[in-house]
Amino acid sequence: MPDADPIARRGNRWPAVLLLIGFSIVFILPFAWMISTSLKPLNETMVLPPKWLPSEPQWQNYPDAMRAMGPFWLHARNSLMLALLNVVGTVVSSALVAYGFSRIEWRGRDSVFLLLLATMMIPFPVIMIPVYTLFRELGWIGTFKPLWVPAFLAGAFNVFLLRQFFLGIPRDLTEAARMDGCGEFRIFWQIILPLAKPALLTVALFQFMATWNDFLGPLIFLVRQEQFTLALGLQNFQSAFGGTAWHWLMAGSTLVILPVVVLFFLAQRAFIRGISTTGLK
Amino acid sequence: MAEITVENLRKVYPGSKGQPGKVAVEGASFTIRDKEFMVLVGPSGCGKTTTLRMIAGLEDITSGTIRIDGRVVNDIPPKDRDLAMVFQNYALYPHMSVYRNMAYALELRRVPKRVIRDRVGKAAKLLGLLEPDDLLERKPKALSGGQRQRVALGRAIVREPKAFLFDEPLSNLDAKMRVETRAELSRLHRTLEATMVYVTHDQIEAMTLADRIVVMNEGRIQQIAPPLEVYHRPANLFVASFIGSPRINTVSGRIERDGDGMAFVEKSERSEHRLRLVFTGDEARMLASRDGQEVVLGLRPEHLSDARDLSAPDPRATFEARIDVVEPVGPETWIYARTAGHQLIARVPHAEPRADIGHTLRFTAELSRARFFDPATGLAIC
């Protein structure tokens, strides 16, 4: 009877709780340091011993950092546009491919799926040059296309994640839909997708964060300043001013990651809520 | 409504990497008549669900033919067969309300909204989904198991299909709800006058619901007959043993001549309590051709009586056995008793046990109810 004595169980949980608190502190520290530094004057950013709190919060650092990053709002618009396009492309294409791998029987399906999984092993730097050459041949260098078109071709990890989730949706449901008169696409659209909301949301969030934070892609494929994304804009602090203006860099970084943090906290509730499949027994 | 014909149906699941395929159904042929309630029954893995799924179109056919109202439907997708299916796990769409679950198939068929409302309303009323509480706007997760099963039934009813297919629809319900829903299904069949095909492993469901039963084992059909015929005249030893609870008594023995009758003598090394039953009249005439041959006797537990209960027990049908176990089950008592080489069960109509373990009791068999089977093939002899 594992639930017989809840008090005893709570007592046993303390070491785990302490361990988790310890880990949380380790993870929160850099974040706290970033915010603290973003409010310091430059001469307080690198003192020893480190000062955790600024002598006087420098709120002005934020507008200054935005100015120093170049056209901040233009970069923000570029980042947002790319992130949204990537989210839509990835969710739609990965879900379709995952459906094909999980719900439709076809010869060689499992072998092709293994091959797809194997592509996850290839790090981006390995294919960076061939991909660059390909996009150059297509005349896409200096355009946004290399940064969003591939998202519509499904990614291995997202396909894997969604396939596993789809496999967990009872087969009876799709068969009931088939008896009711659904074709394959309607089953995908009206039965599977609504039930896979938590997984789709996870994929969307991962993709949003990946695109929003992507530095290497925009660095390689974009040419003109007005096309730059926020992640690329942060680079300005190191190149444009010789040394590093840590207080502005941290203020800029805080501004850049703020939407992601907010999004994560909003979406987290949906992750946890999950979806009930209690239409089944 | 419709007539469904299955001819020489075969299903083989391909084996993996060099392994031979698994034969799930072999040479199944039967006709489900218009408005008939046909039950496919058998143990797990006997091929009954596979057969149902092939009728539904959810499973490809390896060979054979399925006809619905004379039309071959082998290559017709499920949605165009005009059949409705109720699944074991209900398979209600969790993200849709009860109303939407029931209306969905009609929406897909572009039935006018007014007609949908009307049909869903009627089905909901028939199934008690409106009173005492109106369940139509609830999501499936807010329903009990019994309510979910009724919604699944409603979803099938509103379709007004040619035939209903049921895949063990009661197996997830508790015992009380199962009995209630079973009665409800029986009532629905009478009300709707629909062709129904029902798969179960529960023989009570099969016996109570069916117009005819198809008994299956290891992919093959064993017998097709009305419930009481299956019970009283099983085609073979498997059917005799599968249908009936407690299960039929089977005793191996030999037929030999006994005066003007024929005797069944139990096969056993021991002679004490050896079962010997003497048949006369029609039974003897039928057994005469088996003189000297080995047979298996089948006798249902209710066809064995405590000889003390009879005013003049027939000595040719009476034998002694030692009592092993006595189980009072309420209105009757089950007595497990041992003859020379077999254990038998007798259902005697005593609420209070009147037999002591270890003692010898005299039993009288109802000889006209005895069935004989060929020990080699298992087929019924008479």
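Because the structure is predicted, anything quoted here is derived from the model rather than measured. Per chain, the residues get numbers from 1 upward, laid out in the order the sequence is written. Think of it this way: whatever chain is written first is A, whatever ligand is written first is 1, and the rest follow in order. Local features in this predicted model are restricted to residues whose pLDDT is 70 or higher, and side-chain atom pairs enter the listing and the counts only when it is 80 or higher, whereas totals over whole chains, interfaces and linings include all residues.

K.L.:
So what about the overall build of chain A? Which residues, and what values?
P.N.:
Only DSSP runs of H or I with at least four residues qualify as helices, and only runs of E with at least two residues qualify as strands; both kinds are numbered from the N terminus onward. The secondary structure content of chain A amounts to 14 helices and zero strands. Moving toward the C terminus, one meets the helices and strands of chain A in the order α-α-α-α-α-α-α-α-α-α-α-α-α-α. Referenced to the eigenvectors of the C-alpha coordinate spread, the extents of chain A come out at roughly 70 × 65 × 30 Å. Backbone-placed C-beta atoms define the burial measure: a residue is buried with 20 or more other C-beta atoms within 10 Å of its own, exposed with 12 or fewer, and partly exposed in between. Per-residue burial over chain A gives 31% buried out of 281 residues. Within chain A, counting contacts between residues at least 6 apart in sequence, those at least 24 apart form 76% of the total. Whether two residues are in contact depends on their C-beta atoms, placed from the backbone: they are in contact if these lie within 7 Å.

K.L.:
If you had to explain the overall build of chain B to someone new, which residues and values would you point to?
P.N.:
Counting its regular elements, chain B contains nine helices and 20 strands. C-alpha atoms of chain B, sized along the principal axes, occupy 80 × 50 × 40 Å. Going through the 382 residues of chain B one by one, you find that 42% of them count as buried. Once local pairs closer than 6 in sequence are excluded, the contacts in chain B between residues at least 24 apart make up 66%.

K.L.:
Summarise the interface of chain A and chain B; cite the residues concerned and give the values.
P.N.:
Listed as interface residues are 19 residues of chain A and, on the opposing side, 23 residues of chain B. Elements with a minimum of two residues in the side of chain A that touches chain B: α8 (171-180) and α9 (184-195) of chain A. Top element by residues in the side of chain A that touches chain B is α8 of chain A. It accounts for seven residues.

K.L.:
So, the environment of Pro353 of chain B: which residues are in play, and what are the values?
P.N.:
All names here are of chain B. Within the secondary structure, Pro353 sits in the loop between β18 (343-348) and β19 (360-365). According to the C-beta neighbour criterion, Pro353 is partly exposed, with 15 such atoms within 10 Å. With 26 residues separating them in the primary sequence, Pro353 and Glu327 have C-alpha atoms 7.8 Å apart. In this view, Pro353 contacts Val326, Pro328 and Thr333; residues no more than four positions away in its chain are not counted.

K.L.:
I'd like a rundown of the sheet that holds β18 of chain B, residues and numbers included.
P.N.:
Residue and element names in this part refer to chain B. At least two bridges found by DSSP between two strands are what make those strands a pair. Taken together, the five strands give an open sheet; going across it, the order is β15-β19-β16-β17-β18, and neighbouring strands pair in antiparallel fashion. The open sheet has two edge strands with one neighbour each: β15 (304-306) and β18. Taking the axes of each pair of neighbouring strands and ignoring which way they run, one obtains an average angle of 50° across the sheet. In this structure, strand β16 (residues 318-328) lies alongside strand β17 (residues 333-338), joined through six bridges in antiparallel fashion. Looking at β17, one finds that Val326 is bridged to Ile335. Every axis corresponds to a line fitted to the C-alpha atoms, with the helix fit spanning only the stretch in contact, and the corresponding angles, defined between N-to-C directions, vary from 0 to 180 degrees.

K.L.:
Quick one: what's the story with the sheet that holds strand β10 (residues 220-225) of chain B, residue by residue and with numbers?
P.N.:
Residue and element names in this part refer to chain B. Across the sheet, which stays open at both edges, the six strands sit in the order β6-β7-β8-β3-β9-β10 with mixed pairing between neighbours. The sheet is open, and its two edges are formed by β6 (83-86) and β10, each paired on a single side. Each strand of the sheet is rotated relative to its neighbour by a mean of 15°, with strand direction disregarded. By the bridge criterion, five bridges tie strand β9 (residues 212-217) to β10 in an arrangement that is antiparallel. The residue bridging Asn217 from the neighbouring strand is Arg220, located in β10.

K.L.:
Now, about the nonpolar core: what can you tell me, with residues and values included?
P.N.:
The term nonpolar core refers to a group of buried residues, namely Ala, Val, Leu, Ile, Met, Phe, Trp, Tyr and Cys, whose C-beta atoms join them within 7 Å. With 162 residues, the main nonpolar core has Ile192 of chain A together with Val39, Leu165 and Val197 of chain B as its most contacted residues. If we ignore the near neighbours within four places in the chain, the residues touching Leu165 of chain B are Leu52, Ile55, Ala56, Leu83, Met85 and Val197 of chain B.

K.L.:
Can you tell me about the environment of Ser97 of chain B, naming the residues and giving the values?
P.N.:
Residue and element names in this part refer to chain B. Tracing the chain through its elements places Ser97 in the loop between β6 and α2 (98-108). A residue is classified by how many C-beta atoms lie within 10 Å of it, and Ser97, with 17 of them, is partly exposed. Through-space distance from the C-alpha of Ser97 to that of Lys139 is 4.5 Å; in sequence the pair is 42 residues apart. Setting aside anything within four residues of it in sequence, one finds Ser97 in contact with Leu136, Glu137, Arg138 and Lys139.

K.L.:
Explain the environment of Met262 of chain B to me, using residue names and the numbers behind them.
P.N.:
All names here are of chain B. Assignment of secondary structure puts Met262 in strand β12 (residues 261-266). Under the C-beta neighbour-count criterion, Met262 is labelled buried, with 22 such atoms within 10 Å. Remark: the alpha-carbon pair of Met262 and Arg274, spanning twelve residues in sequence, is separated by 16 Å. Not counting residues within four places of it along the chain, the set of residues in contact with Met262 comprises Ile255, Arg257, Phe279, Ala284, Leu287, Ala288 and Asp291.

K.L.:
How would you sum up unusual backbone geometry? Please name residues and give values.
P.N.:
With the exception of glycine, the majority of residues adopt a negative phi angle, and the majority of peptide bonds are in the trans configuration. Each neighbour pair has its own omega, and for Leu48 of chain A with Pro49 of chain A the value is -10°, a cis peptide bond. Residue placement: Pro49 of chain A occurs in the loop between α1 (6-38) and α2 (61-68). A cis geometry characterises the amide bond from Ser245 of chain B onward to Pro246 of chain B, with omega recorded as 0°. In this structure, Pro246 of chain B sits in the loop between α8 (237-242) and β11 (249-258). Although it is not a glycine, Asn8 of chain B adopts a positive phi angle of roughly 45°. Of note, Asn8 of chain B is situated in strand β1 (residues 4-13). With 11 C-beta atoms counted inside 10 Å, the residue Asn8 of chain B sits in the exposed group.

K.L.:
Tell me about the packing of helix α7 (residues 156-167) of chain A against helix α10 (residues 197-213) of chain A, and please be specific about residues and values.
P.N.:
Residue and element names in this part refer to chain A. Put simply, α7 and α10 touch, their axes get as near as 10 Å, and they point 170° apart. Taken as axis vectors, α7 and α10 run roughly antiparallel relative to one another. Contacts from Asn158, Leu161, Leu162 and Phe165 in α7 reach Ala199, Thr202 and Val203 in α10. Per-class residue counts for the contact of α7 with α10 are five nonpolar, two polar and no charged. Working definition: roughly parallel below 35 degrees, roughly antiparallel above 145 degrees, roughly perpendicular at 65 to 115 degrees, and oblique for all remaining angles. Gly falls in the polar group here, along with every residue not listed as nonpolar (Ala, Val, Leu, Ile, Met, Phe, Trp, Tyr, Cys, Pro) or charged (Asp, Glu, Lys, Arg).

K.L.:
Let's hear about the confidence of the model for chain A: which residues, and what values?
P.N.:
Detailed reading of predicted coordinates is not advised where the pLDDT is low. Every residue gets a pLDDT, meaning the predictor's confidence in that residue, from 0 to 100. For chain A, per-residue confidence averages 86 on the pLDDT scale, and residues scoring 70 or more make up 90% of the total. Predicted confidence for residues 274-281 of chain A stays below pLDDT 50, and this span has 28 contacts to residues more than four positions away or in other chains.

K.L.:
Now, about the packing of α2 of chain B against helix α4 (residues 145-158) of chain B: what can you tell me, with residues and values included?
P.N.:
The description of two helices packed together rests on the angle between their axes and the distance between the axes. All names here are of chain B. Relative orientation of the contacting elements α2 and α4 amounts to 25°, with a least axis distance of 8 Å. The orientation of α2 with respect to α4, classified from their angle, is roughly parallel. The way α2 lies across α4 gives a crossing that is right-handed. Contacts between α2 and α4 involve Val98, Asn101, Met102, Ala105 and Leu106 from the former and Val151, Gly154, Arg155 and Val158 from the latter. Each residue belonging to the contact of α2 with α4 can be placed in one class, and the counts come to six nonpolar, two polar and one charged. By definition, any crossing whose near helix is turned counterclockwise from its far helix by less than a right angle is left-handed, and any crossing with a clockwise turn is right-handed.

K.L.:
Go over the confidence of the model for chain B, please, and point to the residues and values.
P.N.:
With 100% of its residues at a pLDDT of at least 70, chain B reaches an overall mean of 92. Both scores are given for the predicted complex: the pTM is 0.82, the ipTM 0.84.

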